[in-house]
Amino acid sequence: MTTSTAKWRFTKGLHDLGNGLHAYLVPDGSWGWSNAGLISDGGESLLVDTLFDLPMTSEMLASMRDAVPAAKRIGSLVNTHGNGDHTFGNQLLEGSRIIASNGCVEDMKHRPPEQYAGWQKDWPSMGMAGKFWQEVIGSRFDFSGIRLTLPTETFDHRMDLKVGDKEVQLIEVGPAHTRGDVLVYVPQDRTVFTGDIMFVGAHPAIWTGPVSNWIAACDRMLGWDVETIVPGHGPITDKDGVREFRDYLIYLLAESRRCLEAGMSFEQAVDAISMDRWANWGEDERLCVNVYACYREISGGALPAPNVMDMLALMGKRHFARKPHACGHDHCDGNHS
């Protein structure tokens, strides 16, 4: 396998990583546009994550079956975490072995597909949170007909699998992005499928934290003999991408501490923290939830878990303020009816 990731174009579809490994990429990697992976050997196959809706997942599975004989019947599925854009296609793999961490299952139950289908219908009555959610998620995906399809096997900390003769290590590094984040590491191929422990070219969303756990997950990957890293969102990367992402997390935590000690609210800190180094990264509205996570960690959990609707509203205000064309009004803050 090559040591360069420059050859990996960020184009939609199946990318052959060599040695029976494939990445399925979905540009542009922003809200809901997630990646998946396929590991095959000796006529066996394991899928890493499904996609946000049934049509997208069906299209992905068809492309895998066309290209990889072992994918004609996928024996196992690993969900790296509980977010819908990595789990809502699970029902198309019913009958397969579905594996995830216990924390992943908790998150799947907490925010099932029926809730998204409800939001898709009710968003006009949900204020700024609904307006933002509909723009970045609801208008892009089809949440009809999705049934919550939970894993059939769960684990904590670590689980080792074999796909043919290939060793696959499932390493739980959450709570971080969510309650039960898992890395899927294939040592002999020096490859890791990260789920949403890696976003490339975009701000992450730190829904759970602590951020320190996320930094430790980056350190763990940097300690492995790895050359190909398939993120949950964005183009394929390598250890340089992990270092850049780790630097972001360390910086954000340190700057949040400085702002908190200066007496700023987390909303004030979002505006005060300079993100010039990462100015080309997408979804900077996620700084709202990210700085909140940092404040929560620094204060020792004194702040409650983030309220999703409140956070969506804050992110929406920032998003529409920076995209006046989104509603056709100059200087729009998204607050008109």
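Residues numbered from 1 in each chain as written. Predicted model: local features only at pLDDT ≥ 70, side-chain atom pairs only at ≥ 80, totals over all residues. Heavy atoms only, no water.

Chemist: Any chance you could explain the environment of Glu227 here in plain terms?
Modeler: Among the structural elements, Glu227 can be located in the loop between helix H5 (211-223) and strand S12 (228-230). Sequence separation between Glu227 and Asp238 is 11 residues, and the spatial gap between their C-alpha atoms is 5.4 Å. A distance of 2.9 Å separates polar atoms of two side chains, one belonging to Glu227 and the other to Arg190. (Helix = DSSP H or I, 4+ residues; strand = E, 2+ residues; numbered from the N terminus. Polar contact = N/O pair within 3.5 Å; in protein donor to acceptor, adjacent residues only side chain to side chain.)

Chemist: What's the story with the nonpolar core in this structure? I'm lost.
Modeler: In summary, soluble globular proteins display a tendency toward joint burial of nonpolar side chains. Ranked by internal contacts, the top residues of the largest apolar core, which has 81 residues, are Phe143, Trp214, Leu249 and Leu252. For this core, the element with the highest residue contribution is helix H8 (residues 287-298), accounting for nine residues. Counting residues in hydrophobic clusters, the runner-up holds 22 residues, among them Leu17, Ile39, Val48 and Val168. (Core = buried A, V, L, I, M, F, W, Y, C linked by side-chain atoms within 4.5 Å. Buried < 20%, exposed > 50% of the residue type's maximum accessible area, 1.4 Å probe, protein only.)

Chemist: Looking at this model, I keep getting lost on the packing of helix H4 (residues 127-138) against helix H9 (residues 308-322). Mind explaining?
Modeler: For any two helices packed against each other, the geometry is given by the interaxial angle and the distance between the axes. Close contact between H4 and H9 brings their axes to 7 Å; oriented N to C, the two are set at 70°. Viewed along their axes, H4 and H9 adopt a mutual orientation that is roughly perpendicular. As H4 runs across H9, the sense of the crossing is left-handed. Residues Met128, Ala129, Lys131, Phe132, Trp133, Glu135 and Val136 of H4 form the contact with H9, whose own contacting residues are Met309, Leu312, Ala313, Met315, Gly316, Lys317, His319 and Phe320. Across the contact of H4 with H9, the residue classes tally to 10 nonpolar, two polar and three charged. (Axes fitted to C-alpha atoms, helices over the stretch in contact; angles between N-to-C directions. Parallel < 35°, antiparallel > 145°, perpendicular 65-115°, else oblique. Left-handed = near helix turned anticlockwise from the far one by under 90°. Contact = heavy atoms within 4.5 Å. Nonpolar A, V, L, I, M, F, W, Y, C, P; charged D, E, K, R; others polar.)

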